[in-house]
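Chain by chain, the residues:
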Amino acid sequence: MLGGGIGDVRPGDIVVILQNAHTPFILRPRPQDGDEIGADRGGSGSTFTFGGEAWVDGIMHAEFMKTDPVEEIFDIY
């Protein structure tokens with residue numbers, strides 16, 4: 001896939017589609033328990049910082065929602 005984001009997008013950032021949002025967003029995993037790069041990217045207790053809107057070819061017009069995506073609850077700071 002080809003995509004882009006606003007601002008400082010880095011390797012390790014993730015693209016998410018938030019419930020009821022019309023565009024994907026960039027989230028950056030926060031460091032946890034001495035992990036300087038925030039390698040924990042899933043599961044209970046995951047926390048992220050908000051990076052802004054993203055453009056990703058193939059998911060901009062609700063195409064991704066047709067794939068029955070996994071829902072996950074996480075905290076954004």
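Before any of the text, the structure's been laid out above.
Read on for a plain summary of the structure. As the structure is a prediction and not an experimental result, all values here were calculated from the model.

### Details of the overall build of the protein chain
The helix and strand tally for the protein chain stands at zero helices and five strands. Going residue by residue from the N terminus, the α and β elements of the protein chain occur as β-β-β-β-β. Across the 77 residues of the protein chain, 23% fall into the buried class. Taking all contacts inside the protein chain whose residues are at least 6 apart in sequence as the whole, residues at least 24 apart take part in 57%. Of the roughly 5,700 Å² that the protein chain leaves accessible, carbon and sulfur atoms contribute 54%.

### Observations concerning the pattern of salt bridges
Under the counting rule described, the total for this entry stands at one salt bridge. With a shortest N-O distance of 2.7 Å, Asp-13 and Arg-28 are connected by a salt bridge. Separated by 15 residues along the polypeptide, Asp-13 in the loop between strand E1 (3-5) and strand E2 (14-16) and Arg-28 in strand E3 (residues 25-29) bring together distant segments of the chain. Relative accessible area serves as the criterion here: at 16%, Asp-13 is assigned to the buried category. A relative accessible area of 22% means that Arg-28 is categorised as partly exposed.

### Observations concerning the nonpolar core
Among the nonpolar cores identified, the biggest contains five residues, and these are Ile-14, Val-16, Phe-25, Leu-27 and Phe-48. Broken down by secondary-structure element, the contributors of at least two residues to this core are E2 and E3.

### A short note on the layout of surface pockets
Computed from the structure, the largest pocket encloses a volume of approximately 750 Å³. Around the largest pocket, the lining is made up of 25 residues, and of these Val-16, Ile-17, Leu-18, Val-70 and Glu-71 lie nearest the centre. With three residues, E2 is the single largest residue contributor to the lining of the largest pocket. By residue class, the composition of the lining of the largest pocket is 18 nonpolar, four polar and three charged.

### What about the packing of aromatic side chains?
The tally for this structure, following the rule as stated, stands at two aromatic pairs. The interplanar angle of 45 degrees and the centroid separation of 5.4 Å between the aromatic rings of Phe-25 and Phe-50 together place this pair among those described as tilted. Linking Phe-25 in strand E3 with Phe-50 in strand E4 (residues 47-56), this pair joins segments that are 25 residues apart in sequence. Ring geometry for Phe-48 against Phe-74: centres 5.2 Å apart, planes inclined by 70 degrees, an arrangement best described as edge-to-face. Remark: Phe-74 occurs in the loop between E4 and strand E5 (75-76) and Phe-48 occurs in strand E4; sequence separation between them is 26 residues. On the basis of relative accessible area, Phe-74 is assigned to the partly exposed category, the value being 23%. Against the face of Tyr-77 rests Arg-30, its NZ or CZ located 4.2 Å from the ring centre.

Cut-offs and rules
- Residues numbered from 1 in each chain as written.
- Predicted model: local features only at pLDDT ≥ 70, side-chain atom pairs only at ≥ 80, totals over all residues.
- Heavy atoms only, no water.
- Helix = DSSP H or I, 4+ residues; strand = E, 2+ residues; numbered from the N terminus.
- Buried < 20%, exposed > 50% of the residue type's maximum accessible area, 1.4 Å probe, protein only.
- Contact = heavy atoms within 4.5 Å.
- Areas by Shrake-Rupley, 256 points an atom, 1.4 Å probe, with all protein chains shown as cover.
- Salt bridge = Lys/Arg side-chain N within 4 Å of Asp/Glu carboxyl O.
- Core = buried A, V, L, I, M, F, W, Y, C linked by side-chain atoms within 4.5 Å.
- 1 Å grid on protein atoms, 1.4 Å probe; cavity = no way out; pocket = protein on both sides within 12 Å on 5 of 7 lines; lining within 4 Å.
- Points joined across faces, edges and corners; volume = space filled by probe spheres on them.
- Nonpolar A, V, L, I, M, F, W, Y, C, P; charged D, E, K, R; others polar.
- Phe/Tyr/Trp six-rings, centres within 6.5 Å; stacked < 30°, edge-to-face > 60°.
- Lys NZ or Arg CZ within 6 Å of the ring centre and 35° of its normal.

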